[in-house]
Amino acid sequence: MLLAPKAQAHISEERMPVQANPLIKTLALSPRRRRRLAPPARRPTASVRCSAAARSYSITLLPGDGIGPEVVAVAKDVLSLAGALEGVEFRFQEKLMGGAALDAYGVPLPAETLAAAQASDAVLLGAIGGYKWDNNEKHLKPETGLLQIRSGLGVFANLRPAAVLPQLVDASTLKKEVAEGVDIMVVRELTGGIYFGQPRGFGTNDKGEDIGFNTEVYSVSEIDRIARVAFEVARKRKGKLCSVDKANVLEASMLWRKRVTSLASEFPDIELSHMYVDNAAMQLIRNPKQFDTIVTNNIFGDILSDEASMLTGSIGMLPSASVGESGPGLFEPIHGSAPDIAGQDKANPLATILSAAMLLRYGLGEENAAKRVEAAVTETLNNGFRTGDIYSPGTTLVGCKRMGEEVLKTVESQSAVAVNSS
Ligand code: IPM
Ligand code: MG
């Protein structure tokens, strides 16, 4: 599916005492697309809360390297509890990828891991990479495993929300008046462009000098499908879409701009603009509130989403969802494996917890459980708990595990409210 519909949201929404976290905007799709991209019919329509599991999903966990295992362990517990409270049960299977898989199997994405991921309902990934494998040849780099799984799952649309939460506005390096209220969604093309383009490689030029080369290439169908996702995302947000390219220099960007422009007639309600990537990088810092939804290619999206994350104060807060036309989605925090703090219980698990919320919403259509998770994160921040990356004086500094426990407590206390009010 491309994005699971807000399946059962209406059934028990009125009984939900929780508020959606502004970090994630609800993305419900147009009925047309929903029909085309609806998840398999086996998804039941009844919502049963606080009772025997009515719906069961298989989730592949890919903890990966560095802080990955720490943050995934925490997110798994939050996912389980929020699911249980909504009558959803998960069957988890954990598989190796990245450096961990290189050490165990000699490849960054074992066939078994990909097969398990493809056969599951959704995939939750921690992070991959580390100093140990930095100098490996390309096919033996942990990052290669990440690109292989994105490609293997066909998840071409990567949604990276970056919203400045009121509780964390002081964590931003920008002036409060610039950062306050920022709420951007970067829609990054994820399985094409220069990351995958052929030819690529190393060679020698006519002077006998060593060269490295890559190809930035996009086909019409690749541009159209990501653009359509972005228009629909924008439609569920503030209706503004900015397409970022380098059409003053690159042919692939010229085609990109032409296609995005021509698709705009299908979405007359969306205000479309175009921006060169260098200007976009500048505008994101100068006046980030001008952006609502951004659509861009793989490499510009990689760079701009890291930049956008810093508007919010910490990359440790930002989740992502990667989805394709069919099959399971891949959900991962946008941060890396942070080997410098790995194993020290210092990581911020909130980006992975929020990725689990995206998994619930976009991967499974479990809107109520997603809201529970997002509301629990908001409340935990309201309660003053902070990991080192978002700490400010007057708040309570906690580690990864404790942050997870606090989120779990909040999920639980919401259930008490829910039960009492229903
Ligand atoms: C990301 C990461 C990856 C990317 C790396 C680890 C391959 O930076 O998800 O943004 O470039 O896509
Ligand atoms: Mg990146």
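For the structure, see preceding data.
These lines cover the structure that appears in this document, whether it is placed above or below. For clarity, every value in this text was computed on a predicted model and none was experimentally measured.

1. Re the overall build of the chain
Along the backbone of the chain there are 14 helices and 14 strands. Considering only intrachain contacts with a sequence separation of at least 6, the fraction spanning at least 24 residues in the chain is 77%. Of the roughly 16600 Å² of accessible surface on the chain, a fraction of 54% belongs to carbon and sulfur atoms.

2. Here's the deal with the site of ligand 1
Neighbouring ligand 1 are E143, L146, R150, R160, R188, Y195 and D302. Contact between ligand 1 and R160: an oxygen atom at 2.8 Å from a side-chain N or O atom of the residue. Separating an oxygen atom of ligand 1 from a side-chain N or O atom of D302 is a distance of 2.8 Å. Bound to the protein, ligand 1 loses 77% of the 320 Å² it would expose on its own. Broken down by element, the residue count for the shell around ligand 1 peaks at 3 residues, all from helix α6 (residues 142-153). Class assignment of the residues belonging to the shell around ligand 1 gives a composition of 2 nonpolar, no polar and 5 charged.

3. A word on the packing of helix α3 (residues 68-85) against helix α12 (residues 350-363)
At their nearest, the axes of α3 and α12 sit 8 Å apart, and the two run at 45° to each other. Taken as axis vectors, α3 and α12 run oblique relative to one another. Crossing angle aside, the handedness with which α3 passes α12 is right-handed. Only T352, I353, A356 and L360 of α12 make contact with α3, whose side of the interface consists of V71, V72, V74, A75, V78 and L79. Across the contact of α3 with α12, the residue classes break down as 9 nonpolar, 1 polar and no charged.

4. Examining the pairing of strand β1 (residues 55-64)
Consecutive residues of a regular strand have side chains that alternate between opposite faces of the sheet. The element β1 is extensively covered by neighbouring structure, given that 9 of its 10 residues are classed as buried. Bridge analysis of β1 against strand β2 (residues 88-94) gives 7 bridges, and the strand direction is parallel. Bridging from a neighbouring strand, I59 pairs with F92 of β2. Handedness of the crossover joining β1 and β2 through α3: right-handed. Two elements, β1 and strand β3 (residues 122-127), share 5 bridges in a ladder whose sense is parallel. Each bridged residue has a counterpart across the sheet, and for T60 the counterpart in β3 is V123.

5. Some words on the environment of L168
Along the chain, L168 turns up in the loop between β4 (157-163) and α7 (176-179). Look at L168 and you get buried, because its relative accessible area is 3%. Residue contacts for L168: discarding those within four places in its chain leaves T312, M317, L381, R386 and I390.

6. Overview of a nonpolar patch on the surface
A cluster of nonpolar side chains, contributed by L96, Y105 and V107, occupies part of the molecular surface with about 260 Å² of accessible area. Tracing the backbone shows V107 in the loop between α4 (99-105) and α5 (111-119).

7. Thoughts on unusual backbone geometry
In this model, Q198 is joined to P199 through a cis peptide bond whose omega is 0°. Along the chain, the position of P199 falls in the loop between β5 (183-189) and β6 (201-204). Of note, A338 is a non-glycine position whose phi angle comes to about 40°, a positive value. In this structure A338 comes out as partly exposed when scored by relative accessible area, which is 24%. In the Ramachandran plot, D345 falls in the positive-phi region, its phi being about 60° despite a non-glycine side chain. Mapped onto the secondary structure, D345 falls in the loop between β12 (329-331) and α12. On the accessibility criterion, D345 (32% relative accessible area) is partly exposed.

8. Looking at the pattern of salt bridges
Opposite charge on two side chains allows them to pair when their charged atoms are near. Here the structure, examined in full by the defined rule, presents 18 salt bridges. A salt bridge links R55 to E366; its shortest N-O distance comes to 2.5 Å. With a gap of 311 residues between them, R55 in strand β1 and E366 in the loop between α12 and α13 (367-382) connect regions that are remote in the sequence. Per residue, the accessibility class of R55 equals that of E366, and both read buried. With a closest N to O distance of 2.8 Å, R402 and E406 form a salt bridge. Here R402 and its partner E406 are both found in helix α14 (residues 400-421), 4 residues apart, which amounts to about one turn of the helix. We classify R402 as partly exposed; its relative accessible area is 35%. For E406, a relative accessible area of 6% translates into the label buried. Three or more residues joined by partner-sharing salt bridges are found here, namely D183, R237 and D292.

Conventions used here
Residues numbered from 1 in each chain as written. Chains lettered and ligands numbered in written order. Predicted model: local features only at pLDDT ≥ 70, side-chain atom pairs only at ≥ 80, totals over all residues. Heavy atoms only, no water. Helix = DSSP H or I, 4+ residues; strand = E, 2+ residues; numbered from the N terminus. Contact = heavy atoms within 4.5 Å. Areas by Shrake-Rupley, 256 points an atom, 1.4 Å probe, with all protein chains shown as cover. Near = heavy atom within 4 Å. Polar contact = N/O pair within 3.5 Å; in protein donor to acceptor, adjacent residues only side chain to side chain. Nonpolar A, V, L, I, M, F, W, Y, C, P; charged D, E, K, R; others polar. Axes fitted to C-alpha atoms, helices over the stretch in contact; angles between N-to-C directions. Parallel < 35°, antiparallel > 145°, perpendicular 65-115°, else oblique. Left-handed = near helix turned anticlockwise from the far one by under 90°. Buried < 20%, exposed > 50% of the residue type's maximum accessible area, 1.4 Å probe, protein only. Pairing = 2+ DSSP bridges. Right-handed = clockwise from strand over helix to strand, strands pointing away. Patch = residues over 30% accessible without salt bridge, like charges linked within 9 Å, V, L, I, M, F, W, Y side chains within 5 Å. Salt bridge = Lys/Arg side-chain N within 4 Å of Asp/Glu carboxyl O.

On their own, these measurements won't tell you what the molecule is for.
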